[in-house]
Amino acid sequence: MIKEFLSQHGEYHDDKYFKDLTTVKMGGHIAHFVMPENTDELKCIVSYLKTNGIPFKVLGNGSNLICGESEYNGVVISLKKFNSYEINNDEVYVEAGVLAPNLAMILAKEGYSCLEFASGIPGCMGGLIYMNAGAYKGSMSDVVKEVLILKDDELLWLDGDELNFSYRHSIFHDHPRWVIVAARLKLTKKNREDIEDLMADRLRRRKETQPLDKPSAGSCFRNPEDGYAWKLIDGIGYRGYSVNDVCVSDKHSNFIVNDGQGTADDYLSIAYQIQDKVKEKYGIKLVMEVEKFNC
Ligand SMILES: Cc1cc2nc3c(=O)[nH]c(=O)nc-3n(C[C@H](O)[C@H](O)[C@H](O)COP(=O)(O)OP(=O)(O)OC[C@H]3O[C@@H](n4cnc5c(N)ncnc54)[C@H](O)[C@@H]3O)c2cc1C
């Protein structure tokens, strides 16, 4: 029944696994996976799932998720087909499924400053807005003008200052059933070469300091108010520490990487040990930046 319904309202699959859809390459079978093509299909799907009390999760590029091995019995909605954008003078309208590094490159080529800070963040625009993702002192809150959301079967625009943005947080954390459909971002005209040089420089710095050659979900912990999570992790001697195939990166100790067949249990076992030991030694509670799902 659910399979038939979803197949009529998007591209449907029942053979998807989180390990193939997340950058850390972990996680079990997804009972139902659907990719709507447009807002009409998305509306029908979300309305049906809500009416029938069926759990669902919207997936971006899976670059901030640690998913458990057990089957997820709900529906994963991917917005990868929401992948168009339109530049209009001082703003760009962009759909939620567009990858941030791709849009950053396109904007740079046109001489628009906007997403330089995000050019190395491997997420979709929906995920970046949800997380208020940021780097190098910039974050989505600096560039989001407004966001188009699906809420209670209605599409509506929310203004940037209604989104409760703070460090790696937005209003969407408190409303997991709202779906980010698209956004308008502010653009500033700048010299194309300057933008491209800045992006290249930042990418080089990332390559030097982050284990980009290994599956990860980026930084495991948020930085505490005055300092860096990696320094605290180094302070408890956890750089290089491993449980089965999961390891605290030697290159950047706030990255926990999957060296092969690692699972969410392995990942979380390390993360919880770090939290306990950092609390014991420094009295600081490290908060996870990655999101646990279905585990
Ligand atoms: C190598 C690496 C480097 C990274 N560097 C950074 C960095 O510098 N700065 C930073 O902030 N992060 C960084 N990250 C983390 C990650 O890329 C960001 O958190 C990103 O914003 C997640 O986007 P995503 O599309 O992958 O979201 P996902 O991981 O797919 O989802 C994250 C959350 O957003 C929700 N979500 C996604 N799309 C929507 C939507 N359309 N509507 C409603 N909810 C939605 C999901 O349900 C989930 O709760 C890094 C990750 C990696 C692997």
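Residues numbered from 1 in each chain as written. Predicted model: local features only at pLDDT ≥ 70, side-chain atom pairs only at ≥ 80, totals over all residues.

### A short note on helix α3 (residues 100-109)
For α3, the set of buried residues is Ala100, Leu103, Ala104, Leu107 and Ala108. Here the buried residues of α3 occupy an arc of 135° about the axis, which is enough to place them on one side. Buried-residue contacts for α3 involve β7 (85-88), β8 (91-95), β9 (112-113), α4 (125-131) and α6 (192-209). Positive backbone phi, approximately 75°, marks glycine 111, located one or two places after α3. (Buried ≥ 20, exposed ≤ 12 C-beta atoms within 10 Å, placed from the backbone. Helix = DSSP H or I, 4+ residues; strand = E, 2+ residues; numbered from the N terminus. Arc of directions from axis to C-beta. Contact = placed C-beta atoms within 7 Å.)

### Notes on the environment of leucine 158
Mapping leucine 158 onto the fold places it in strand β13 (residues 154-159). Using a count of 18 C-beta atoms within 10 Å as the deciding quantity, one classes leucine 158 as partly exposed. Note: C-alpha distance between leucine 158 and glutamate 71 (87 residues apart in sequence) is 34 Å.

### Regarding the sheet that holds strand β17 (residues 246-248)
Sheet strands line up and pair through hydrogen bonds in the backbone, either parallel or antiparallel. The sheet built from three strands is open, its strands ordered β16-β17-β18 with antiparallel pairing. Of all the strands in the sheet, the pair left with one neighbour each is β16 (242-243) and β18 (256-258). Helix α8 (residues 264-282) contacts β16, β17 and β18 of the sheet and is inclined by roughly 30° relative to β17. (Pairing = 2+ DSSP bridges. Axes fitted to C-alpha atoms, helices over the stretch in contact; angles between N-to-C directions.)

### A short note on the nonpolar core
Looking at soluble globular proteins, one finds that nonpolar side chains tend to be buried together. Formed by 87 residues in total, the largest nonpolar core has its most connected members in Ile66 and Met125. At seven residues, α8 tops the list of elements feeding residues into this core. Ignoring anything within four residues of it in the chain, the contact list for methionine 125 reads Val94, Ala96, Val98, Ala100, Leu103 and Ala183. (Core = buried A, V, L, I, M, F, W, Y, C linked by C-beta atoms within 7 Å.)

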